[in-house]
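So you can see what is in the structure, the chains are spelled out below.
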Amino acid sequence: MQHRFVRAGLRRFAVLAAGLALASTATVAWSASGQATTTTLPQIPNIGDVVPAPASVTATNVRYNVTDNTVVYAQTGSAAASSVGRQLATELRTSTGFPLPVISSAARRGRRADTGIALLLSGPSGLGQEGYQLSVTAGGVTIKANQAEGLFDGVQTLRQLLPAAADGSTRQAGPWTVPGGSISDAPRFSYRGSMLDVSRHFFPVSVVERYIDEISLYKINYLHLHLSDDQGWRIAINGWPQLTAIGGSTEVGGGAGGFYTQAQYKQIVAYAQAHYVTIVPEIDGPGHSNAALASYADLNCNDVAPPLYTGTDVGFSSFCVSKPITYTFLNDVIGQLAAMTPGPYINIGGDEAQSTSAADYQTFEDQVLPIVAKYGKKPMGWHDITAVDPPTSAVPEFWGTTTTDPNTAAAAARGNKVVMAPANKAYLDQKYTPSTKLGQNWAAYIEVKDAYDWDPGNYLQGVTGSSVLGVEAPVWSETLLNMADIEYMAFPRLPAIAELGWSPESTHNWNSFKTRLGAQGPRWTAMGMNFYASPQVPWAPGTKGGTD
Ligand code: TNX
C-alpha cells in the first residue's frame, strides 16, 4: 500500500520536474497506521538543467542513486577513458565517501547492472570528437562517445546533475540522485576559450590549474595564456635569461611578479590536457613589449633598455622592426614555445601597436607569421593582424566594441576563421555595474544578461556562420590580484560565454539560462569559489555570493 503511493508520488514528481526546473514537491504516503504523512522529496534538477544547455534532451520519470555499490566502468583498453573515470570517481569519493572503484567495462559482465556509471567509446560517429550521449535509467548511468574527450564532456554534464554537495571538499550527506532521461550533445563551435593575463599580474601554477578546473566544468576547451606584455615577461626562454630575471621581476603596481619555468609551463600544459583544455601561449608584439625591451638593450633601436613599467597605459612600446636580432629572438621564443605546446596555435598578439608605423607593422608581421608556420603551428593574433592580410591559416580574435570591422570581414571573406571576443560582451575584466570595485569599464558595463544576449555566429558584419571558429572570454588582470578576484569577474559570465560557444542557437533563451545558471550557485559555494551574485539571476537555495 505505502509502496504504491510513494511510486505514484514519484511519477508525479518527475512529471512536474520535467516542466519546472528544480522543482520540489510534496508527496503523500500512508503510514502503517493508515494516516497520511507528507514528505518532501529532495530538490533535483531535470536532466536538461545544465550549463551549457545540451543540444537535445528527453526527460523520464526515473532516478538513479549513486550509492556505496556504484562502480565506474571505463571502456576496456582505453587508458584515456579510465583516466576520465578516475577523475570522476576521485571527485565523488571526497563528497560521498563511497569507494567508487574504477574497473574496465569488460569486467562488468556478471555484475549487477544497477550499480554502475559506464563510460564507453561506442558513440555514433555523428557525435564528432567532443559529442556524447548520456542516459540515466533507474539502473545506472551510461555515457557514450567516440573519443575520451566526449566522455569528459559527458562527465561534466553528469557532475551538474548530481546535488551541488557532490562538488564539496568534505564528506556530505546524500542521497546522490541523478534525474532520469537521455541527452545527445555536441558543440556548436570547436573553439571555446578563456584567456588569463598572467603578465599584468602574475598568477602561480596553482591558480592557473584551479581556473582550468573551473572552466572545464563548462566545457571550455582552450585556455589562452597572455605570457608577455609591457609589465611582465612570464616564461623562461633558454638562452635569454634576462627575460625572466629582469622582465619577470615586477608587475602592475610594482609587486614581485614572477614567471613560469619551462617545467612549470609543461605542468600547466599537462594539467590542461587532462581536462581536455588546449593551452594557447601568446607572446605579444610588436607593441605590448616593454618587459622584453627592458630585459635586453639590443632589442631596442637605440640600444638603450627602457625602465620596467608597472602602470596600466597601453600603446607606448615597440620591438625594433629593422633589427635582425628582433627575429632571432622571436624565432627562439616561438620555437621553444612550439616545442612545449601540443596544441595547434601560437598567438603572436599584434594589438594596439600604436608606436609602430603601418609599414613597420607589415614588415614585422611578414617576418613573424612565417616563424609560427615554420614550427608547425597556426598563428593566432588579435584582429589587428587582419590589417596585413595574414595567411588563411591565421586566426584573428575580434576584440572590438562595434559590430563592423572591414579588415576582419575581408579576412573572413578570404577564408580566415575568426574567434569572437567582443570587448563589450566577452571581456571578463569589465565591471558588471558602476558599483563593481574590480575591473575596468572602457568597453562597457557587462551584466550577466549582456554577456549572454548576443550570437557569436551572427554578430560581426561579414563574419558569420562557418567563418566563426568560436568564442573567447579574456580575463585581463590590471586590477586583479589573486584567484578570488579572477573568480569574481569570471563567474557567472564565463558560463554565459561557454553556453554561447557550445549550445545550439535554438536553445538560446535568457529565462531558461538564468534558472540553470542560478542552480550553479550552490555548486560554486560548495567549491569555495568567489563569484558575483548578480541580482539578474534567481540563485538556488544554498548559494552564498562573494565579494569584490
Ligand atoms: C585592451 S584587448 C587590451 C589589453 C588590455 C585590455 C583591458 C587587447 C587586445 N588589448 O591590453 O589589458 O584592453 O581591458
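Remember, predicted model here, so these are calculated numbers, not experimental data.

Reading the values: rules and limits
Residues numbered from 1 in each chain as written. Predicted model: local features only at pLDDT ≥ 70, side-chain atom pairs only at ≥ 80, totals over all residues. Heavy atoms only, no water. Near = heavy atom within 4 Å. Polar contact = N/O pair within 3.5 Å; in protein donor to acceptor, adjacent residues only side chain to side chain. Areas by Shrake-Rupley, 256 points an atom, 1.4 Å probe, with all protein chains shown as cover. Nonpolar A, V, L, I, M, F, W, Y, C, P; charged D, E, K, R; others polar. pLDDT = per-residue confidence, 0-100. Helix = DSSP H or I, 4+ residues; strand = E, 2+ residues; numbered from the N terminus. Contact = heavy atoms within 4.5 Å. Disulfide = S-S within 2.5 Å. Expected span 1.5 Å × (residues − 1). Buried < 20%, exposed > 50% of the residue type's maximum accessible area, 1.4 Å probe, protein only. Arc of directions from axis to C-beta. Axes fitted to C-alpha atoms, helices over the stretch in contact; angles between N-to-C directions. Parallel < 35°, antiparallel > 145°, perpendicular 65-115°, else oblique. Left-handed = near helix turned anticlockwise from the far one by under 90°. Pairing = 2+ DSSP bridges.

S.K.: So what's going on with the site of the ligand? Which residues, and what values?
M.R.: Close contacts around the ligand come from 13 residues, with Arg200, Tyr427, Asp429, Trp442 and Glu478 the closest. A distance of 2.7 Å is found between an oxygen atom of the ligand and a side-chain nitrogen or oxygen belonging to arginine 200. In the environment of the ligand, an oxygen atom lies 2.6 Å from a nitrogen or oxygen atom belonging to the side chain of glutamate 478. A total of 360 Å² of accessible area belongs to the ligand in isolation, and the protein chains cover 97% of it. Grouping the amino acids of the shell around the ligand by side-chain chemistry returns 5 nonpolar, 3 polar and 5 charged.

S.K.: So what about the confidence of the model for the protein chain? Which residues, and what values?
M.R.: Within the protein chain, residue pLDDT values average 92, and 91% of them lie at 70 or more. The secondary-structure element of the protein chain with the lowest mean pLDDT is helix 1 (residues 2–19), recorded at 33, while strand 11 (residues 222–226) shows the highest, at 99. Low confidence marks residues 1–41, where pLDDT is under 50. Its contacts with residues over four positions away, or in another chain, come to 57 contacts.

S.K.: Give me the lowdown on the state of the cysteines, citing residues and values where you can.
M.R.: The tally for this structure, following the rule as stated, stands at 1 disulfide. Two residues, cysteine 301 and cysteine 320, share a disulfide whose sulfurs are 2.0 Å apart. Looking down the S-S bond of the cysteine 301 and cysteine 320 bridge, the torsion is 95°, so its handedness is right-handed. Separated by 19 residues along the polypeptide, cysteine 301 in the loop between helix 7 (290–295) and helix 8 (324–340) and cysteine 320 in the loop between helix 7 and helix 8 bring together distant segments of the chain.

S.K.: An account of helix 6 (residues 262–274) is needed here, citing residue identities and associated values.
M.R.: Between the first and last C-alpha of helix 6 there are 18 Å, a value that for 13 residues agrees with the 18 Å anticipated at 1.5 Å per step. All buried positions along helix 6 are accounted for by Gln262, Tyr265, Ile268, Val269 and Ala272. One side of helix 6 holds all its buried residues, which, seen down the axis, span an arc of 115°. Where the residues of helix 6 are buried, they touch helix 4 (205–216), strand 11, strand 14 (278–285) and helix 8.

S.K.: Before we move on, could you go through the environment of leucine 299 and cite the residues and values that matter?
M.R.: With respect to the helices and strands, the residue leucine 299 is situated in the loop between helix 7 and helix 8. The buried category is assigned to leucine 299, whose relative accessible area is 0%. For leucine 299 and tryptophan 454, which are 155 residues apart along the polypeptide, the C-alpha to C-alpha distance reads 42 Å. Aside from chain neighbours lying at most four places away, what touches leucine 299 is Ala292, Leu293, Cys320, Ile325, Thr326 and Phe329.

S.K.: I'd like a rundown of the packing of helix 4 against helix 6, residues and numbers included.
M.R.: Between helix 4 and helix 6, whose axes approach to 10 Å, the crossing angle comes to 15°. Classified by the angle between their axes, helix 4 and helix 6 sit roughly parallel to one another. In this structure, the crossing between helix 4 and helix 6 has a hand that is right-handed. Within the contact between the two elements, helix 4 uses Val205, Val208, Glu209, Ile212 and Asp213 and helix 6 uses Gln264, Gln267, Ile268, Tyr271 and Ala272.

S.K.: Give a description of the sheet that holds strand 9 (residues 176–185) that names residues and reports values.
M.R.: In spatial order, the strands read 3-9-7-8-6-4-5; together these 7 strands make up an open sheet with mixed pairing. Pairing within the sheet leaves two strands with one partner each, and these edge strands are strand 3 (56–66) and strand 5 (102–104). Neighbour-to-neighbour, the strand axes of the sheet open up by a mean angle of 25°, direction not taken into account. Set on the sheet, helix 2 (residues 79–96) makes contact with strand 4 (71–74), strand 5, strand 6 (116–120) and strand 9; between it and strand 5 the angle comes to about 155°.

S.K.: Which residues make up unusual backbone geometry, and what values do they have?
M.R.: A cis amide bond links glycine 285 with the next residue in sequence, proline 286, at an omega value of 0°. Within the fold, proline 286 resides in the loop between strand 14 and helix 7. The omega angle of the peptide bond from phenylalanine 491 to proline 492 is 20°, so this bond is cis rather than trans. Tracing the backbone through its elements, the reader meets proline 492 in the loop between helix 13 (483–490) and helix 14 (493–502). A positive phi angle, close to 65°, is found at lysine 219, a residue other than glycine. Topologically, lysine 219 is positioned in the loop between helix 4 and strand 11. Despite not being glycine, aspartate 303 has its phi angle at roughly 60°, a positive value. Note on placement: aspartate 303 falls in the loop between helix 7 and helix 8.

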